[in-house]
Amino acid sequence: DETKASYSGTWVPFQDGFQLYLPSDWSTYELTQEDTDQGVLYIAGDTSGIENSPAVSVVWAYSDGAETLEDIAAVIQNSDFQLDGIVTINGIGCVRYRGEADNCSAIMFFHPTNKQYVFCVTGSGYEQNIDTINTILTSLAFKTTGDKNYRGRRLMVFNSVFSGFNIGSGGSALIEAA
C-alpha cells in the first residue's frame, strides 16, 4: 500500500504479473552482460551518495523441483541465509529471509502462473534502511494489464544468482519493467 510508504514512489510493473512500489527518485541501473548471465532482471537504487544506500534487485530461477513455499524455505534454511518465515504479501505467498553478512533482506515467490520459476526480490543496505526496504518488499502485488501504471520496456529473463536453485544459461521469456 503506497499510502504507508515514507517515500514518494512509482509502481514498477513486471510482465510476469507482479509489481513493486519503488522510490521515484531512485535510478534504474543498466544491466551488464554479467548481470544478465546471473539472472538479474532489474536493479534500482538510491544514487544520492549516502553511505549504505538502499537498492533493490529482482532475479529469477528455475524452481528446481520445489513445489511449495515450504520446499523453498528448506533450501534457504540450508544456505547462508537466515529464514524469517513464510508470509503472505498482498495475496502472494512468499518466503522471507535475510543475509546478515550481505546486509540484505529478501522475499522469494513462485511465478504467478508457472511454478517452474521463482522470483527473488532483494533489498540491500537493509540494516541502515529497514523502513524503506520493508516497504518495498511488502509492496509486492499482483498487477492487471489494464492498470494505468502498466507501461514498460522489454528485458530478457535470465538466470538466478540464488545458488540453491538450478541456474540455466539465458532464458527466452520476456519481462517488462517501467
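Residues numbered from 1 in each chain as written. Predicted model: local features only at pLDDT ≥ 70, side-chain atom pairs only at ≥ 80, totals over all residues. Heavy atoms only, no water.

1. Considering the pairing of strand 5 (residues 55–62)
Burial runs high along strand 5: six of the eight residues are buried. Across five bridges, strand 4 (residues 40–45) lies against strand 5 in antiparallel orientation. By the bridge assignment for strand 5, Tyr42 is matched with Val58. The pairing of strand 5 with strand 9 (residues 117–124) spans eight bridges and is classified as antiparallel. Opposite Tyr62, over in strand 9, you have Tyr117 as the bridge partner. (Buried < 20%, exposed > 50% of the residue type's maximum accessible area, 1.4 Å probe, protein only. Helix = DSSP H or I, 4+ residues; strand = E, 2+ residues; numbered from the N terminus. Pairing = 2+ DSSP bridges.)

2. Things to note about the pairing of strand 6 (residues 82–89)
Two elements, strand 6 and strand 7 (residues 92–99), share seven bridges in a ladder whose sense is antiparallel. Residue pairing for strand 7: Thr88 is matched across the bridge by Gly93.

3. Focus: helix 3 (residues 130–137)
Listing the buried residues of helix 3 in full gives Thr132, Ile133, Thr135, Ile136 and Leu137. In this structure, the buried residues of helix 3 make contact with strand 2 (18–23), strand 5, strand 6, strand 7, strand 8 (104–110) and strand 9. (Contact = heavy atoms within 4.5 Å.)

4. Examining the environment of Leu140
In this structure, Leu140 sits in the loop between helix 3 and strand 10 (141–142). Through-space distance from the C-alpha of Leu140 to that of Trp11 is 9.7 Å; in sequence the pair is 129 residues apart.

Note that all results are geometric; they support no functional claim without further evidence.
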